[in-house]
Amino acid sequence: MAFEVLMPQLGLTMEEGTVSQWIKHEGDEVKAGDVILEITTDKLTNEVASEHDGVLLKIVAQEGEDIPVKGLLAYIGQAGESISGGASAPAPAAVPAAEAAPAAPAAAPAPAAAVGGVRIRISPLARKTAAKLGVDYTGIAGTGPSGRIVLKDILAASEAQKNVPAAASAAVPATAPAPKAGSLELMEGDTVIKLAGMRKVVSQRMWASHNEIPPVTQNIKVDVTALMKFRKMLLAETGKKYSVNDLVLKATAKCLRQHPEMLVSLDGDQIIQRAHVNLGMAVALDAGLIVPVIRDADKLSLDALSAAAKDLAVRAKENRLGADEYKGSTFTVSNLGMFGIETFTPIINQPDAAILGVCAIHDELDMDDEGKLFKKQVMRLSCTLDHRLLDGSVVAKFEMDLRDLLEKPMSILL
């Protein structure tokens, strides 16, 4: 009997994976434990090993294809074995019985789960409800994991349709329309790259954050002359080379413990006060952006925090992070200063209520009380806040205290 190879679920919120590469090919002999393919989830590349001895009889999911969790990838069995009777037909995971039954007739039938070649992420219950209520869900921005359309989105869209005059409802969609695929005219030499894997998830989450959150970005200038001298002093006395980012992370963690009002998240119609200072640390990869999390950063020494930051950054770039290591942040720090960026507007990493942008250090001339010019080193911090949860004055106090810590660097360690 042939065995099915199914898309594994590598995290509680994982809904699908992309087949990135087949290591084994049809007809190849495999042993239990042999890696047969690689899949890419929203953040990681993972190897899938065979659970059985035999031959890779048939590959169902092709490279670059998005497959739902428990969806069929391939068959493994004995050489020459037919898969027609020994295994189920090559189809995605079983659909709940409620969805398998024909939907009741509706005023306007719900469209298929793919439009213009773009797969729409929608739960079975939401799809069935859309059919019953006559809701076109192709333009709905889902609020579920990874932008998935869930029941409450369909109900909200249905209610919105009732409140929009008939003449206007056809002209104005209830929510922002989904991007169309293949609408641009290609020119000679252009290359088409599928929006998939990490880049696809970054695109979805940044779009959702930008459209759901009323953001305000507040900039503050910090005199880091003393901080840079302090960094050199630590190197001379301890032999340890701490990065500017290490010191900023340490100061931020300490300041957040002093300002717990910054550590909040919006969950429907309720506010969650977070108990932990879990610092998300934005790391740029060739394929996109990943935010590994330093848990309870306020409780770590500078040594421990520096080591954790370096370890997470290295393993993030090598695709070796565990699924839980980029979840659970309560505040995020994004440092573009190392690239020479002097100011920027970071986008909030939901469900955090704020994100701190760290900019480049540069020389600046100033004048003392006697009118003499002197040179100092300055750095700007850009803090974007969710104005549904935080007010500008609250964040301004946090920024001022953070500035004081960085300008008097010995206090960072005290």
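Every value quoted in this text rests on a predicted model; they were computed, and no experiment measured them. (Residues numbered from 1 in each chain as written. Predicted model: local features only at pLDDT ≥ 70, side-chain atom pairs only at ≥ 80, totals over all residues. Heavy atoms only, no water.)

J.: Go over a nonpolar patch on the surface, please, and point to the residues and values.
T.: There is a patch of nonpolar side chains on the surface, built from Leu125, Leu133, Leu151 and Leu155 and spanning about 330 Å² of accessible area. Checked against the element boundaries, leucine 151 lands in helix α3 (residues 151-163). (Patch = residues over 30% accessible without salt bridge, like charges linked within 9 Å, V, L, I, M, F, W, Y side chains within 5 Å. Areas by Shrake-Rupley, 256 points an atom, 1.4 Å probe, with all protein chains shown as cover. Salt bridge = Lys/Arg side-chain N within 4 Å of Asp/Glu carboxyl O. Helix = DSSP H or I, 4+ residues; strand = E, 2+ residues; numbered from the N terminus.)

J.: Residue-level account of the sheet that holds strand β14 (residues 279-281), with values.
T.: The strand order across the open sheet formed by 6 strands is β11-β20-β19-β18-β14-β17, and the pairing between neighbours is mixed. In this open sheet, the two edge strands, each paired with only one partner strand, are β11 (215-223) and β17 (293-294). Note: β11 against strand β20 (residues 373-386), 9 bridges, orientation antiparallel. Bridge pairing in β20 places glutamine 218 opposite cysteine 383. (Pairing = 2+ DSSP bridges.)

J.: Break down the sheet that holds strand β2 (residues 16-22) for me, with residues and values.
T.: Reading across the sheet, the 4 strands line up as β5-β4-β2-β7 and stay open at both edges, with antiparallel pairing between neighbours. Here the strands that pair on one side only, and so sit at the sheet edges, are β5 (45-49) and β7 (66-68). For this sheet, the mean angle separating the axes of adjacent strands, direction not counted, is 40°. Alignment of β2 against strand β4 (residues 35-40), held across 4 bridges, turns out to be antiparallel. (Axes fitted to C-alpha atoms, helices over the stretch in contact; angles between N-to-C directions.)

J.: Tell me about the pattern of salt bridges, and name the residues and values.
T.: Taken as a whole and assessed by the stated rule, the structure comprises 13 salt bridges. A salt bridge links lysine 31 to glutamate 29, with the nearest nitrogen and oxygen atoms 3.7 Å apart. The shortest N-O distance in the salt bridge between lysine 240 and aspartate 303 comes to 2.6 Å. Separated by 63 residues along the polypeptide, lysine 240 in the loop between α6 (225-238) and α7 (244-258) and aspartate 303 in helix α8 (residues 302-317) bring together distant segments of the chain. Overall, aspartate 303 belongs to the partly exposed group, its relative accessible area being 34%. Several salt bridges share partner residues, and in doing so they unite Asp311, Arg315 and Glu325 into one network. (Buried < 20%, exposed > 50% of the residue type's maximum accessible area, 1.4 Å probe, protein only.)

J.: Explain the packing of aromatic side chains to me, and be specific about the residues and the numbers.
T.: Considering all chains together, one arrives at 1 aromatic pair under this definition. Between phenylalanine 331 and phenylalanine 398 the ring centres are 5.7 Å apart and the planes differ by 65°, which places this aromatic pair in the edge-to-face class. On the criterion of sequence distance, the pair formed by phenylalanine 331 in strand β18 (residues 331-335) and phenylalanine 398 in helix α9 (residues 392-407) is long-range, its members being 67 residues apart. Across the pair, exposure class does not vary: phenylalanine 331 and phenylalanine 398 are buried alike. (Phe/Tyr/Trp six-rings, centres within 6.5 Å; stacked < 30°, edge-to-face > 60°.)

J.: Can you break down α7 residue by residue, with the values?
T.: For α7, built from 15 residues, the straight-helix expectation of 21 Å at 1.5 Å per residue is met to within 8% by its first-to-last C-alpha distance of 21 Å. Extensive coverage of α7 is indicated by the burial of 12 of its 15 residues. Of the positions making up α7, those classed as buried are Val244, Asn245, Asp246, Leu247, Val248, Leu249, Lys250, Ala251, Thr252, Ala253, Cys255 and Leu256. (Expected span 1.5 Å × (residues − 1).)

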